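Take a look at the letters that make up each chain.
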Amino acid sequence: MSKEFVEIDPNAPIVPYKHKNLNVNLNLKAMCNLRCDYCSIPDISKSTNVQDATLLKNIDILLAKMVAEGYSWDFVMLIGAEPLMAKASTLGIVFNKIKEIFPKCRLKIQSNGTLLTDTYAQLLEDTMDHPDELMFGWSLDGVRDLHNEWRDNSYDLAVKNLFHANKKFAFSHQLIMSVGPQHFEGDYEEELRDFTYKCIEVGIHPTFSVVDYRINEKAAAKTATEINVATESVWRPLSKFLISNNIISLCEKYFGPGYCRREGNECSRVLFDLADGGVYQCEKTFDIHAATIDNFLYNTIEDCMVSRRGCTQNCKIADECRTCEYWDWCQGSCSLKRDDDGLSHSCSLIKEVLGYIKYELNEDYFKYLQQAHFDGREYVKAKRIEMKKEQA
């Protein structure tokens, strides 16, 4: 196992990325029909309506600049606040434009699911040229009482829409369940497990995200950093939950290169706001008060990506990470989810689960994860080579 670590001179100038194959988040409208307690987007950001014509105009500008400057998209996710606040036909057209320019780009929407009515879903499917290539991501917390407490009593409607859409429409579905310490207490853990298995049985892919549920007062001042801090009180019970229920594979994203495609502090993920051209580090920093780092309407994509790289280039990584046997998996993890010493908040999950697989469960599965990780890196390299050949 390699233990390579690239030392970065903190005084070195910010330079462009080594590659131009990006994972992209697109914000459509800073609007939402819910007010979830732990949302990282302030309420003030959720009240401005933007005409769909503006979104379509700006996606054309963004794509044209990407092509002109030699950039490619491997993955794109439409986010909001709530992306379904835009018309279904608008979403379909946006996806069609992306696939026309980047035909191999993977497509995803991340939504609370409450607005995916039968009519909306049908129009979206009819508008899209390749609806079967769209993954619909659902934000559901797995336990009815907890979901309703923090997500405006939307559980029943979201679950109804989820299972109906999964049965009727061409989209594939991924369920992202945000969990806190309460999910692993008493009957709640059993409910979470049963709901997870129910989704698996019908072909819905569940996975887990961690939210610090200690911050759950709507009136309290909250920042994206405070909300996204994942504590040991969540990671340890989550790792035990995955192991005891034999569902480790649901969190393979933590053990592979990840959709952030992180390589130490090198991250190829970026958020573009189609409403006003704003550029953000990613959706974790989508806060209109502080996190805008550039604007693609007025500057080149290269300028935007130099600004993006400046957000993470010199972020601290803990010394112990450099010699850890699992360094090749986590690479220091997300720079936004480390403590003051530079240690990843998901450190205990990675060590506990991978250690269990390697030393107690099945070394062949450990080797599979290891190979999948390196296959992921080779996939990224192949994409870069392929892109260069197409440009030649």
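Residues numbered from 1 in each chain as written. Predicted model: local features only at pLDDT ≥ 70, side-chain atom pairs only at ≥ 80, totals over all residues. Heavy atoms only, no water.

1. A short note on the nonpolar core
Here is step 1: Ranked by size, the top nonpolar core spans 81 residues in total, and within it Leu26, Leu62 and Trp73 carry the most contacts.
Here is step 2: Excluding residues that lie within four positions of it along the chain, Leu26 makes contacts with Ile59, Leu62, Trp73, Val76, Met77, Leu78, Ile79, Val94, Ile98, Phe272 and Leu274.
Here is step 3: Grouped together as the second largest cluster of nonpolar side chains are five residues, Phe75, Met77, Ile79 and Leu271 included. (Core = buried A, V, L, I, M, F, W, Y, C linked by side-chain atoms within 4.5 Å. Buried < 20%, exposed > 50% of the residue type's maximum accessible area, 1.4 Å probe, protein only. Contact = heavy atoms within 4.5 Å.)

2. Structural notes on the sheet that holds strand 9 (residues 294–295)
Here is step 1: Here nine strands make up an open sheet; going across it, the order is 6-5-4-3-2-1-7-8-9 and the pairing mixed. Two strands bound the open sheet, and with one partner strand each, they are strand 6 (205–210) and strand 9.
Here is step 2: Direction of pairing for strand 1 (residues 21–27) relative to strand 2 (residues 72–79): parallel, over a ladder of seven bridges. Considered in strand 2, the bridge of Leu22 is made with Trp73.
Here is step 3: Packed on one face of the sheet, helix 1 (residues 52–68) meets strand 1, strand 2 and strand 7 (269–273) and runs near 160° to strand 2.
Here is step 4: Sitting on the sheet, helix 6 (residues 187–201) touches strand 5 (172–179) and strand 6, and the angle it makes with strand 5 is about 170°. (Pairing = 2+ DSSP bridges. Helix = DSSP H or I, 4+ residues; strand = E, 2+ residues; numbered from the N terminus. Axes fitted to C-alpha atoms, helices over the stretch in contact; angles between N-to-C directions.)

3. Thoughts on the packing of aromatic side chains
Here is step 1: The tally for this structure, following the rule as stated, stands at eight aromatic pairs.
Here is step 2: Ring geometry for Trp73 against Phe102: centres 5.5 Å apart, planes inclined by 35°, an arrangement best described as tilted. Of the two residues, Trp73 is situated in strand 2 and Phe102 in the loop between helix 2 (88–101) and strand 3 (106–111); the sequence distance between them amounts to 29 residues. You'll find Trp73 and Phe102 in the same group, each marked buried.
Here is step 3: A connected cluster of aromatic rings, assembled from ring pairs, spans Tyr155, Phe163 and Phe195.
Here is step 4: Lying over the aromatic face of Phe163, Lys198 brings its terminal NZ or CZ to 4.8 Å of the ring centre. (Phe/Tyr/Trp six-rings, centres within 6.5 Å; stacked < 30°, edge-to-face > 60°. Lys NZ or Arg CZ within 6 Å of the ring centre and 35° of its normal.)

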